[in-house]
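Listed below are the residues making up each chain.
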Amino acid sequence: MEILNNFFLIALPYIALALFLVGSIYRYTHKGYKVSSLSSQFLEGRRLFYGAVPFHWGVFFLFFGHLIAVLFPRGVLAWNSQPVRLMILEISAFIFGISMLIGLINLFIRRYTTPRLKYVTNKMDLVIYILLITQTAFGLWIAYNFRWGSSWFSTLLTPYIYSIFKLQPDISAVSLLPWAVKIHIIIAFTIVAIIPFSRLIHFLVYPLNYLWRPYQQIRWNWGRKSVRSPKTAWSLHRPKNN
Amino acid sequence: MDIRSQISMVFHLDKCIGCHTCSVACKNIWTDRKGAEYMWWNNVETKPGTGYPGKWEDQEIYRGGWEKKNGKVRLKGAGKRRGLTNIFYNPNLPVIDDYYEPFTYKYLDLIEAPQGDVQPTARPVSLITGEPIDIKMGPNWDDDLSGTLDYGRNDPNLQNLTQAEQEVMFQLEKMAFFYLPRICNHCLNPACVASCPSGAIYKRGEDGVVLINQEVCRAWRMCVTACPYKKSYYNWHAGKSEKCILCFPRLEAGLAPACMHSCVGRIRYLGVLLYDADKIKDTVHLDDQELVDAHRDMILDPFDENVIREAKKNGIADSTIHAAQFSPVYKYVKEWKLALPLHAEFRTLPMLFYVPPLLPVMASLKQVDNTEDSKKMNPIAKYWDDNWLYDTSTKELFGSLDQVRFPLKYLANMFSIGDEEKIKDKWKKLMAVRIHRRRKTVGDVSDEKANEVLKAAGLTEEQADGIFYLTALAKFEDRFVIPPAHREQAIEMLDFTGDVKGSTGFGFKSKPKRGI
Ligand code: HEM
Ligand code: SF4
Ligand code: SF4
């Protein structure tokens, strides 16, 4: 038991984070052509709606929900101090979880029953689906059976995650948690580990920059004012036809 | 004034014979790859017709281009807010069936089929799934089918024509059609660039070519929606969007783009235009009636001292300015005002201009009695009992202008945002050049009449001869005036590009393999 706990709750997170960091940076900088959401809407554009939309909005909110619990545990606890607010938080999180699960199942069925999609599907897609569906199912299971997650997450899991980042892993509390929660943690780190090796890389390149960049983009090969300036490096080899 | 230069094009529609050589030349060089089979960066469609993808001009369906609402100009189906919230599922994305499912035939079956009582056949199979399919649509499937209910009558440009006008167009004996070759317009206000959330699409400063950086494209597929001409395509295999690159590697080497080089009808012209980029914003905000003229007004006179000085200040090379002075595009668009942009109302400021077609629409038919003539013929030759004659007479000045076979409105919907006078103006010019040349070569037109026609069309004799020369006699160097590249030291030029032929294109050092 001890060995298993040590491996899955200490070693795995470090392996996962290392793979994630090195892999993602390498893929982004060296394999730009392979970084893509690999949209399949062009081949099947109707059923995707019932999968991609509920799934992504679900992930979107749950991802930030977990992130907030890690970053601001006291804030979450303070919010939860009133039962009404706790209920609002828990119920909406649960709804997003359901939405995510429904979306995932729709995506899964769509992908494996549309003949055209077979040709843009690889083994990694299957791995991702299995991991995500299991993870979501466990998440919902935990939310339902071990209430109230948003509160105990902040007191139990947040310190664990901090301890990992501080390079002083402390699993004394986590190792006592029910096995379902442990599996949820293990799959979470597995997903982190495979991000650079799967299509999941796509959410790292969410184009936030679009918000503040101008609509039109002009690129000059040389600074257009400096092309004719004798002070630029090009003056050594001025194009003969200029 | 912020002067930039743009490699720009004119297609002379009177001369297009609809041979699709251009499309094939392009396909062989750029899109003969998996995922790109269905793409035709250059395509030729029959008009009236629905085009490719079907009914692409109908922006109520495809929601491409910019729209002006309450004085504001915004992307119709994309943009910052919509782009980022619809990113998981783009409600306005065309799907492959709007183009067609790429296919091939099982040719090998013809050879390998065992001996039998019936001829073996080569069944069509999908290039996506490899399964046999029933072909519903294909490249130029609608070729010459303007008279049909499915294609001709579904043309979005017929929308504001009355039923009677449409009936006239589709009368069997009067039916006319023409070809419309299309490539990316390398617009000045490109919707594709504006819609790309990753910022992968950009316009090159030096020559205005619009490109998609394949390393940065993330398949958010917004450009496919945003381009009103549907000239940005999604590669379903690679998960990247691709578009016409105006053969920039050829341009940089001083060669004409493949579609233009191969054009059998010699309808294509390419040259530099200098324009004032400061005017882009104001121009796209104008009302429909002013848009076409204002678009042309952005183009600057390359002989003007002031323009030359400002252009140099902006780093435009002498050789580019020189090329601009000899640009056939400048002549057609600005000097002779003969060429118009296609669907300027999309407000992308397209830089590909069309000389509207005259021949198929102007020629009228008249009934003649040719029994006398028939009698004189050898009986064997008497197969021709048709007494309709193609009327090429020039009795009246612009007599046939009023008997055109298309309602002017139809062409006006395509080339001048509904302004029929503009089309009429072009037709007059085209007619006047013909009458003027007829005076010179056939001699059955009086000087008086020819001069009157030229005056009415607003052309001088030199201009008419110039139009005639560039239309009918122009040599390769007259049609394509390509400024020497100034990218010699650019990094793209250092790679050996030959070793990526047949793959994604230029600029890669590794094989463009699909991600996992
Ligand atoms: C906010 C960031 C995200 C954006 C912008 C985004 C966008 C997209 C897009 C455009 C697609 C392609 C849909 C299509 O076929 O057209 C996609 C697919 C997918 N995304 Fe995301 N995504 C994000 C976050 C995530 C996250 C956090 C996950 C999982 C943890 C995820 C998992 C998936 C999966 C599994 C697919 C494949 C769906 C399928 O086609 O079967 N995405 N995403
Ligand atoms: S025609 Fe379309 S793809 Fe080409 S520049 Fe204009 S908007 Fe972009
Ligand atoms: S090659 Fe020229 S003539 Fe032939 S279809 Fe293309 S544009 Fe028309």
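The rules behind each value
- Residues numbered from 1 in each chain as written.
- Chains lettered and ligands numbered in written order.
- Predicted model: local features only at pLDDT ≥ 70, side-chain atom pairs only at ≥ 80, totals over all residues.
- Heavy atoms only, no water.
- Patch = residues over 30% accessible without salt bridge, like charges linked within 9 Å, V, L, I, M, F, W, Y side chains within 5 Å.
- Areas by Shrake-Rupley, 256 points an atom, 1.4 Å probe, with all protein chains shown as cover.
- Salt bridge = Lys/Arg side-chain N within 4 Å of Asp/Glu carboxyl O.
- Lys, Arg positive; Asp, Glu negative; His and termini not counted.
- Charge placed at Lys NZ, Arg CZ, Asp CG, Glu CD.
- Helix = DSSP H or I, 4+ residues; strand = E, 2+ residues; numbered from the N terminus.
- Donors = N, O, S within 2.8 Å, 3.2 Å for Na, K, Ca; no water.
- Buried < 20%, exposed > 50% of the residue type's maximum accessible area, 1.4 Å probe, protein only.
- Expected span 1.5 Å × (residues − 1).
- Contact = heavy atoms within 4.5 Å.
- Axes fitted to C-alpha atoms, helices over the stretch in contact; angles between N-to-C directions.
- Parallel < 35°, antiparallel > 145°, perpendicular 65-115°, else oblique.
- Core = buried A, V, L, I, M, F, W, Y, C linked by side-chain atoms within 4.5 Å.
- Domains from an automatic or database assignment.
- Pairing = 2+ DSSP bridges.

S.K.: Just to check I follow, could you spell out a negative patch on the surface for this structure?
M.R.: A contiguous patch of negative charge, built from B:D301, B:D304, B:E305 and B:E335, is present on the exposed surface. With respect to the helices, strands and loops of the structure, B:D301 is situated in the loop between α12 (288–297) and α13 (305–313).

S.K.: Sorry, what's going on with the coordination of the iron atom of ligand 1 here?
M.R.: Six octahedral donors around a metal ideally subtend angles of 90 or 180 degrees, whereas four tetrahedral donors ideally subtend 109.5 degrees. Around the iron atom of ligand 1, the protein contributes the donor atoms A:H56 (NE2) and A:H202 (NE2), at 1.9 to 2.0 Å from the metal centre. Overall, A:H202 belongs to the buried group, its relative accessible area being 14%.

S.K.: Where do I start with helix α2 (residues 47–71) of chain A in this structure?
M.R.: Residues spaced three or four apart along an α-helix face the same direction, because each turn holds 3.6 residues. Across its 25 residues, α2(A) extends 36 Å between first and last C-alpha, which sits within 8% of the 36 Å expected from 1.5 Å per residue. Lining the buried residues of α2(A) we find α3 (73–80), α4 (83–113), α5 (123–145) and α6 (149–165) of chain A.

S.K.: Would you explain the packing of helix α18 (residues 408–415) of chain B against helix α19 (residues 420–441) of chain B in this entry?
M.R.: Each pair of packed helices can be described by the angle between their axes along with the distance between the axes. Residues and elements named next belong to chain B. Interhelical geometry of α18 versus α19 gives an angle of 100° and a closest axis separation of 8 Å. The angle between the axes of α18 and α19 places the two elements in the roughly perpendicular class. Along its contact with α18, which presents L408, K409, L411, A412 and F415, the element α19 presents E420, I423, K424 and W427.

S.K.: When you look at the nonpolar core in this model, what are you seeing that I'm missing?
M.R.: Residues B:V10, B:Y38, B:I183, B:M260, B:Y332, B:Y410 and B:F415 are the most contacted members of the largest nonpolar core, which totals 143 residues. For this core, the element with the most residues is α19(B), which contributes 7 residues. For this core, the domains that each give at least three residues are domain 1 (101–135) and domain 2 (364–476) of chain B. Beyond its immediate stretch of four places on either side in the chain, B:M260 contacts B:M9, B:F11, B:I183, B:L246, B:R268, B:Y269, B:L270 and B:F480. In terms of nonpolar packing, the next biggest core, distinct from the first, is built from 23 residues, A:L12, A:W152, A:F153 and A:A180 among them.

S.K.: How should the sheet that holds strand β1 (residues 218–219) of chain A be read in this particular structure?
M.R.: Backbone hydrogen bonds hold the strands of a sheet together, and the pairing may be parallel or antiparallel. In space, the 3 strands of this open sheet follow the order β1(A)-β8(B)-β9(B), with mixed pairing throughout. Two strands bound the open sheet, and with one partner strand each, they are β1 of chain A together with β9 (210–212) of chain B. As paired elements, strand β8 (residues 201–204) of chain B and β9(B) share 3 bridges and run antiparallel to each other. Looking at the pairing, B:I201 lines up with B:I212 of β9(B).

S.K.: I would appreciate a short explanation of the pairing of strand β14 (residues 352–355) of chain B in the present structure.
M.R.: Residues in a regular strand point their side chains to alternate faces of the sheet. Residues and elements named next belong to chain B. The two faces of β14 match: L352 and Y354 on one face and F353 and V355 on the other face are all buried. One ladder, built from 4 bridges, connects strand β1 (residues 3–12) with β14; its direction is parallel. Within β14, the position partnered with F11 by the bridge is Y354. Inspection of the sheet shows strand β13 (residues 340–341) paired to β14 by 2 bridges, in the antiparallel sense. Looking at β14, one finds that P341 is bridged to F353.

S.K.: Sorry if this is basic, but what is going on with α4(A) here?
M.R.: The end-to-end C-alpha separation of α4(A) is 44 Å, in line with the 45 Å expected for 31 residues at 1.5 Å each. Buried residues of α4(A): A:L86, A:E90, A:G97, A:S99, A:M100, A:L101, A:G103, A:L104, A:L107, A:R110 and A:R111, and no others.

Everything listed is a geometric property; what it means functionally is a separate question.
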